[in-house]
Amino acid sequence: MSTTTPSRPAESLAAGKAPALGRQRGVRGRTLAFWLFTGPFLTGLAIFVYIPIGWSAYLSFFEARYTVTPSTFVGFDNYRYMLTNDKFVDSLVTFTVFAAIVVPITWALSLGLALLVHRIRFMKAFFRSVFFLPTAVSFVAASLIWKMSVFSGVRFGLMNTVLGWFGADDIAWLANPDPPWYWLVVLTVRLWLQAGFYMILFLAALQNIPQELYEAAAIDGARPGWQTFRHVTLPQLRATSTAVILLLLVAAYQAFDEFFNLLNKTTWGRPPLVELYYTALGENQDYGSGSAGAMILTLLICVVTLLQGRIMGFGRGEESK
């Protein structure tokens, strides 16, 4: 009796500690696995994104010509210079108009493709892949194809060949800003490259709409087609539409590759990033003014995005919509 009774509390205490130690080790293991998987990504994000952004904001307040380690503080002079630079201001205005045109067109095209692929009853995977494949092509390669083959200014270009069938004259698509045919070239290459990606987003949202909503709408007398789309499908795509428009707005202001490769060193049709490229990496290498312009562009993107999100009701609960 005296030898067995004292051992029971010790055994129960040991048994109680074992699950606690197991749970503690499990938490440590999950924490270690989390940092092993996310650590490289967070390190790269800090080195290649956050530190450059912070250093760019720092440079924007200094006289930084031919150096990224300046010592002369100039305050808001760089911002004042960029806001009075006609080329930079014109690029901001032009691409605000460009975003107002390309965003709704891309949204409508990607949504239309998603509706067609969603309703098709055969070879759905094939058509989904065909429309999505252009997103794997780089903007540089697509721009060169558009420039040298599709919209080449010579009579052997694809578009000029098609126009020749109807007796029309050849058009120098990229050589002259008046008329501005180059916008057609830029718009079509962006639509070809982007529509497939956003089609996949809409397609995923369409597949998540409960079928019971369509059945209830049919019972209430809604006709298939426009009425069903307007009162059932479109409201259910509100969150996806908001996300797509936000992504398209940011992409429109960040346009660079296609303009740089299609228009080369022309002084017309430059997006803000191309203008900043020549400001910071041109003959003067004015990193201070270029950084100030980058901060202005970032602020403009944030303001436009927040306004668009507020208009679309992004972040509001269902009860407030």
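Scroll up a little and you will see the structure.
Residues numbered from 1 in each chain as written. Predicted model: local features only at pLDDT ≥ 70, side-chain atom pairs only at ≥ 80, totals over all residues. Heavy atoms only, no water.

Caption draft 1: A look at the overall build of the protein. A count of helices and strands for the protein gives 13 helices and 0 strands. Reading the protein from its N terminus to its C terminus gives the helix and strand order α-α-α-α-α-α-α-α-α-α-α-α-α. Looking at the protein as a whole, 34% of its 321 residues qualify as buried. Sequence separation of at least 24 residues holds for 66% of the intrachain contacts in the protein that already meet a minimum separation of 6. Total accessible area on the protein is roughly 19,800 Å²; 67% of this is exposed by carbon and sulfur atoms. (Helix = DSSP H or I, 4+ residues; strand = E, 2+ residues; numbered from the N terminus. Buried < 20%, exposed > 50% of the residue type's maximum accessible area, 1.4 Å probe, protein only. Contact = heavy atoms within 4.5 Å. Areas by Shrake-Rupley, 256 points an atom, 1.4 Å probe, with all protein chains shown as cover.)

Caption draft 2: Layout of the packing of helix H3 (residues 86-119) against helix H10 (residues 238-253). The interhelical angle for the contact between H3 and H10, taken along N-to-C directions, is 145°, at an axis separation of 9 Å. In this structure, H3 crosses over H10, and the sense of that crossing is right-handed. Here Leu92, Phe95, Thr96, Phe98, Ala99, Val102, Val103, Thr106 and Trp107 of H3 lie close against H10, whose contacting residues are Ser241, Val244, Ile245, Leu248, Leu249, Ala252 and Tyr253. A breakdown of the residues in the contact of H3 with H10 according to their chemical character gives 13 nonpolar, 3 polar and no charged. (Axes fitted to C-alpha atoms, helices over the stretch in contact; angles between N-to-C directions. Left-handed = near helix turned anticlockwise from the far one by under 90°. Nonpolar A, V, L, I, M, F, W, Y, C, P; charged D, E, K, R; others polar.)

Caption draft 3: Focus on helix H7 (residues 182-207). Given a rise of 1.5 Å per residue, 26 residues ought to cover 38 Å, and the 38 Å separating the end C-alpha atoms of H7 matches this to within 8%. By the largest-angle criterion, Gln194 marks the main kink of H7, which is about 35°. (Expected span 1.5 Å × (residues − 1). Bend = angle between axes of the 7 residues up to and from the residue.)

Caption draft 4: Quick peek at the nonpolar core. Membership of the largest hydrophobic core comes to 57 residues, with the highest contact counts inside it found for Phe259 and Leu262. Looking at which element gives the most residues to this core, the answer is H7, with 14 residues. Sequence-distant contacts of Phe259, that is, excluding residues within four places in its chain, are made with Phe95, Phe98, Trp183, Val186, Asn264, Gly269, Pro271 and Val274. (Core = buried A, V, L, I, M, F, W, Y, C linked by side-chain atoms within 4.5 Å.)

Caption draft 5: Region of the structure containing the packing of aromatic side chains. Across all of its chains, the model carries 26 aromatic pairs by this definition. Both rings, one in Trp146 and one in Trp192, keep their centres 5.3 Å apart while their planes meet at 35°; by these two values the pair is tilted. With Trp146 in helix H5 (residues 139-150) and Trp192 in helix H7, this pair connects stretches of sequence that are 46 residues apart. Judged by centre distance (5.8 Å) and plane angle (40°), the ring pair of Trp226 and Phe229 falls under tilted. Of the two residues, Trp226 and Phe229 are both situated in helix H9 (residues 226-236); the distance of 3 residues between them amounts to about one turn of the helix. Cluster of aromatic residues (ring-pair linked, three or more members): Phe95, Phe98, Tyr182, Trp183 and Phe259. (Phe/Tyr/Trp six-rings, centres within 6.5 Å; stacked < 30°, edge-to-face > 60°.)

Caption draft 6: Structural context of unusual backbone geometry. In this chain, Asp178 is followed by Pro179 through a cis amide linkage whose omega measures 0°. Tracing the sequence through the fold places Pro179 in the loop between helix H6 (158-165) and H7. In this structure, Met123 takes a positive phi of about 55° despite not being glycine.

Caption draft 7: Layout of the pattern of salt bridges. Under the counting rule described, the total for this entry stands at 5 salt bridges. One salt bridge in this structure joins Glu258 and Arg190, with 2.2 Å as the shortest N-O distance. Note that Glu258 is positioned in helix H11 (residues 257-263) and Arg190 in helix H7, a separation of 68 residues in sequence. Accessibility classification places Glu258 together with Arg190 in one group, the buried group. Residue Arg270 pairs with Glu275 through a salt bridge whose shortest N-O separation is 3.7 Å. Under the relative-accessibility criterion, Arg270 is labelled buried at 15%. Via salt bridges that share partners, Glu63, Arg65 and Asp286 belong to a single interconnected network. (Salt bridge = Lys/Arg side-chain N within 4 Å of Asp/Glu carboxyl O.)

Caption draft 8: Quick look at the environment of Pro134. For Pro134, the position within the fold is in the loop between helix H4 (124-132) and H5. By relative accessible area, which is 9% here, Pro134 ends up buried. Along the backbone, Pro134 and Trp192 are 58 residues apart, and their C-alpha atoms lie at a distance of 6.6 Å.

Caption draft 9: Examining the packing of H4 against H7 more closely. Following both chains from N to C, one finds H4 and H7 inclined at 140°, their axes separated by 7 Å at the closest point. Classified by the interaxial angle, the pair formed by H4 and H7 is oblique. For the pair H4 and H7, the contacting residues are Arg128, Phe131 and Phe132 in the first and Gly196, Phe197, Met199, Ile200 and Leu203 in the second. When its residues are assigned to classes, the contact of H4 with H7 shows 6 nonpolar, 1 polar and 1 charged. (Parallel < 35°, antiparallel > 145°, perpendicular 65-115°, else oblique.)

Caption draft 10: The arrangement of the environment of Thr72 in detail. Tracing the backbone through its elements, the reader meets Thr72 in the loop between helix H1 (7-59) and helix H2 (77-83). Once the C-alpha coordinates of Thr72 and Phe61 are considered, the two residues, 11 residues apart in sequence, prove to be 8.7 Å apart. The contacts of Thr72, once residues within four sequence positions are left out, are Phe61, Phe62 and Glu63.

Caption draft 11: Region of interest: the side chain of Ser152. Along the chain, the position of Ser152 falls in the loop between H5 and H6. Excluding residues within four positions of it along the chain, Ser152 makes contact with Trp146, Lys147, Gly157, Asn160, Ile171 and Trp173.

Just distances and angles here, no functional claims.
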